[in-house]
Amino acid sequence: MANEAQPCPCDIGDKFEYGSKGQEIQIEHIKSYVSRPDSGTDKAVIVVQDIFGWQLPNTRYIADLLTAHGYITICPDFFVGQDPWKPSDDWSTFSEWLKTRQATKVDKEAGIIFKYLKEQCNVKKIGVIGFCWGGVVTHHLMLKYPELKAGVSFYGIIRDAEDCYDLLNPTLFVFAENDIVIPLEQVSLLEQKLKENAKVHFQVKVFSKQTHGFVHRKNKDINPEDKPYIEEARKDMIEWLHKYI
């Protein structure tokens, strides 16, 4: 039962009524959503889920949006069968829930996805984007895997390690001004540390008046006042990927 005194600050937002254009497949022990463009390509983007899981229609909408721009997209279940967080769950239990789904412990699954893209899809260039929990995953992967040519991390920061600023390839970090999950002081510290340590191009961008999850959890038609920010952030994502992949 949800604890009404401690609701989840990570609001699921507008759950899209979206049917998706791709298909679900099994890659070794990982269920994944895969979307392919009409024409062939050797470029792919890994789309990493937020705490609400790989089947969230909002995330699949973003995957299909990227496919429409010419990329094979794949959204793996990085929780590997474990239940996603539910809006009705008790926020006081979140830290325990998260311990079994650590965003920096996805290397085994990431390796399997890289292999699938290279061997089964003939992909030569790979990027990664992620939201919330997936933003942390994106940050982590961009520190470890040089084959990832570009990354876009939405509202995610690695906050429990000091050696998390030496990015291997260009990475865009997107945040919201009114994010109660990630205070602006943490964003400023991230930018400062990246300036001191990163040897590749990066950008930290904060969108005014926005809240956590705005890029993929807000329906721009339901929230007309947020529409320009949502569209700008998605455009930034696409342009970043096009530039570096």
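How each quantity is defined
Residues numbered from 1 in each chain as written. Predicted model: local features only at pLDDT ≥ 70, side-chain atom pairs only at ≥ 80, totals over all residues. Heavy atoms only, no water. Phe/Tyr/Trp six-rings, centres within 6.5 Å; stacked < 30°, edge-to-face > 60°. Buried < 20%, exposed > 50% of the residue type's maximum accessible area, 1.4 Å probe, protein only. Lys NZ or Arg CZ within 6 Å of the ring centre and 35° of its normal. Pairing = 2+ DSSP bridges. Helix = DSSP H or I, 4+ residues; strand = E, 2+ residues; numbered from the N terminus. Axes fitted to C-alpha atoms, helices over the stretch in contact; angles between N-to-C directions. Contact = heavy atoms within 4.5 Å. Polar contact = N/O pair within 3.5 Å; in protein donor to acceptor, adjacent residues only side chain to side chain. Salt bridge = Lys/Arg side-chain N within 4 Å of Asp/Glu carboxyl O. Expected span 1.5 Å × (residues − 1). Arc of directions from axis to C-beta.

Visitor: Can you tell me about the packing of aromatic side chains, naming the residues and giving the values?
Guide: According to the stated counting rule, one finds 14 aromatic pairs in the structure shown. Centre to centre, the rings of Phe 154 and Tyr 155 are 6.0 Å apart; their planes meet at 50°, and the pair counts as tilted. Tyr 155 matches Phe 154 in its accessibility class, with the two residues each being buried. An aromatic cluster is defined as three or more aromatic residues linked by ring pairs; in this entry it consists of Phe 79, Trp 85, Trp 91, Phe 94, Trp 97 and Trp 133. Residue placement shows Arg 101 over the ring face of Phe 79; its charged tip is 5.9 Å from the ring centre.

Visitor: A description of the sheet that holds strand β4 (residues 72-76) should follow, citing residues and the corresponding values.
Guide: Ordered in space as β1-β2-β4-β3-β5-β6-β7-β8, the 8 strands form an open sheet in which the pairing is mixed. Each edge of the sheet is formed by a strand with only one pairing partner; in this case those strands are β1 (23-27) and β8 (202-207). Sheet twist, expressed as the average angle between the axes of neighbouring strands with direction ignored, equals 20°. Sheet topology places strand β5 (residues 125-131) next to strand β6 (residues 148-154); 6 bridges connect them, and they run parallel.

Visitor: Break down the side chain of Thr 59 for me, citing the residues and quoting the values.
Guide: Of note, Thr 59 is situated in helix α1 (residues 57-68). Its relative accessible area of 0% is what places Thr 59 among the buried residues.

Visitor: Now, about the environment of Asp 50: what can you tell me, with residues and values included?
Guide: The topology assignment puts Asp 50 in the loop between β3 (43-48) and α1. Distance in space between the C-alpha atoms of Asp 50 and Gly 134 is 5.1 Å, their sequence separation being 84 residues. Beyond its immediate sequence surroundings of up to four residues, Asp 50 is in contact with Leu 56, Phe 79, Phe 131, Cys 132, Trp 133, Gly 134, His 216 and Arg 217. Of note is the side chain of Asp 50, whose polar atom sits 2.8 Å from the backbone nitrogen of Phe 52. Separated by 2.9 Å, the side chains of Asp 50 and Arg 217 make a polar contact.

Visitor: Help me get a handle on the pattern of salt bridges, residues and values and all.
Guide: What the rule picks out here adds up to 10 salt bridges. Close ionic contact of Glu 24 with Arg 60 constitutes a salt bridge, the shortest N to O distance being 2.9 Å. Note that Glu 24 is positioned in strand β1 and Arg 60 in helix α1, a separation of 36 residues in sequence. On the basis of relative accessibility, which here comes to 9%, the residue Arg 60 falls in the buried class. The partner of Asp 107 in a salt bridge is Lys 144, and the shortest N-O contact between them spans 2.4 Å. Of the two residues, Asp 107 is situated in helix α3 (residues 107-120) and Lys 144 in helix α4 (residues 133-144); the sequence distance between them amounts to 37 residues. Assessed through its relative accessible area of 24%, Asp 107 is described here as partly exposed. Counted as one network, the salt bridges with shared partners bring together Lys 205, Glu 232 and Asp 236.

Visitor: Could you give an account of helix α5 (residues 184-197), naming the residues involved and the relevant values?
Guide: Between the first and last C-alpha of α5 there are 20 Å, a value that for 14 residues agrees with the 20 Å anticipated at 1.5 Å per step. Buried residues of α5: Val 187, Leu 190 and Leu 194, and no others. One side of α5 carries all its buried residues, which in axial view fall inside an arc of 60°. For α5, the exposed residues set more than 90 degrees away from the buried face come down to Glu 185, Lys 195 and Glu 196. Of the surrounding elements, those touching the buried residues of α5 are α4, β7 (171-176) and β8.

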